[in-house]
Every structure is written in C-alpha cells, then in structure tokens.
Amino acid sequence: MLQKLKDALQITTNDFDPELNDLIKASILDLNIAGVDAESVGEGTTNSLVIRVIISYCAYHFELVHGDLKKADALKNAYDEQKAMLGMSTGYTTW
C-alpha cells in the first residue's frame with residue numbers, strides 16, 4: 001500500500017515513509033469507524049476501490065501539511081463521498 005500511495009502522490013523519497021504509513025493506518029481506522037468492515041479494508045487489500053479511498057484520505061492529509069489548502073479541501077470532499085459510498089454498500093459493511 002505504501003508504494004501505491006507514494007506513486008499516487010509522486011513521492012520518490014523515503015523521507016515521508018513514517019508519516020505515510022501512519023496516514024494509511026489512520027485511513028483504515030477512519031473507514032472502520034464509518035462502518036466499513038475491517039475485512040474489506042486493510043493495508044494488504046487488492047480492492048481497487050478501497051485503495052483509491054485510502055489514497056484519497058492520505059492525499060488529503062498530506063496536502064494539508066505539505067501543500068495547497070484548496071487542493072486539500074477538494075481531496076477531503078472526494079474522500080468524504082467515497083467513504084459514504086463504502087459505508088452504505090453491502091459487501092463493505094456488516095450491517
């Protein structure tokens with residue numbers, strides 16, 4: 001997952017790896033809190049939709065610290081929509 005995130009963010013250095021790993025873990029926990037089943041998300045997931053949602057979360061938070069606040073706001077909106085979609089979809093929840 002880390003390499004996919006780094007590719008998406010176009011990061012080639014390892015300097016941000018600890019921060020990115022923390023963001024990945026936080027995104028998974030945030031999805032779990034929103035009702036997305038823990039088995040549906042995880043660092044080892046191969047589900048392309050889940051990977052995109054995790055990347056959106058991480059990109060949003062990374063942009064808040066290291067980038068443009070307008071871009072961060074757009075990324076947050078995208079993440080919120082993606083999270084809501086997963087949280088309402090059978091196959092991603094235990095409800």
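Residues numbered from 1 in each chain as written. Predicted model: local features only at pLDDT ≥ 70, side-chain atom pairs only at ≥ 80, totals over all residues. Heavy atoms only, no water.

Engineer: Which parts of the structure should I look at to understand helix α2 (residues 17–33)?
Structural biologist: An α-helix turns once every 3.6 residues. As a result, residues three or four positions apart point the same way. Taking 1.5 Å of rise per residue, the 17 residues of α2 would be expected to cover 24 Å, and the 24 Å separating its terminal C-alpha atoms lies within 8% of that figure. Looking only at α2, the buried set comprises D17, L20, L23, I24, S27, I28 and L31. Each buried residue of α2 sits inside an arc of 135° when the element is viewed along its axis, so together they form one side. More than 90 degrees from the buried face of α2, the exposed residues found are P18, D22, L29 and I33. Looking at the packing, one finds that the buried side of α2 touches α1 (2–9), α3 (48–66) and α4 (69–88). Just downstream of α2 lies G35, where phi reads positive at about 100°. (Helix = DSSP H or I, 4+ residues; strand = E, 2+ residues; numbered from the N terminus. Expected span 1.5 Å × (residues − 1). Buried < 20%, exposed > 50% of the residue type's maximum accessible area, 1.4 Å probe, protein only. Arc of directions from axis to C-beta. Contact = heavy atoms within 4.5 Å.)

Engineer: I tried to follow α4 on my own but got confused; where do I start?
Structural biologist: Here α4 is 20 residues long and its end C-alpha atoms lie 29 Å apart, about the 28 Å a rise of 1.5 Å per residue gives. Among the residues of α4, those classed as buried are A72, L75, Y79, Q82, K83, L86 and G87. Mapping the buried residues of α4 onto a view down its axis gives an arc of 130°, with all of them on the same face. Facing away from the buried side of α4 by more than 90 degrees, the exposed set consists of K70, E81 and M88. Residues of α4 that are buried make contact with α2 and α3. Capping the start of α4, D68 holds a side-chain oxygen 2.7 Å from the backbone nitrogen of K70, two or three residues further along. (Polar contact = N/O pair within 3.5 Å; in protein donor to acceptor, adjacent residues only side chain to side chain.)

Engineer: Is there a simple way to explain unusual backbone geometry in this structure?
Structural biologist: Look at Q10: it is not a glycine, yet its phi comes out positive at around 55°. The topology assignment puts Q10 in the loop between α1 and α2. For Q10, a relative accessible area of 71% puts it in the exposed group.

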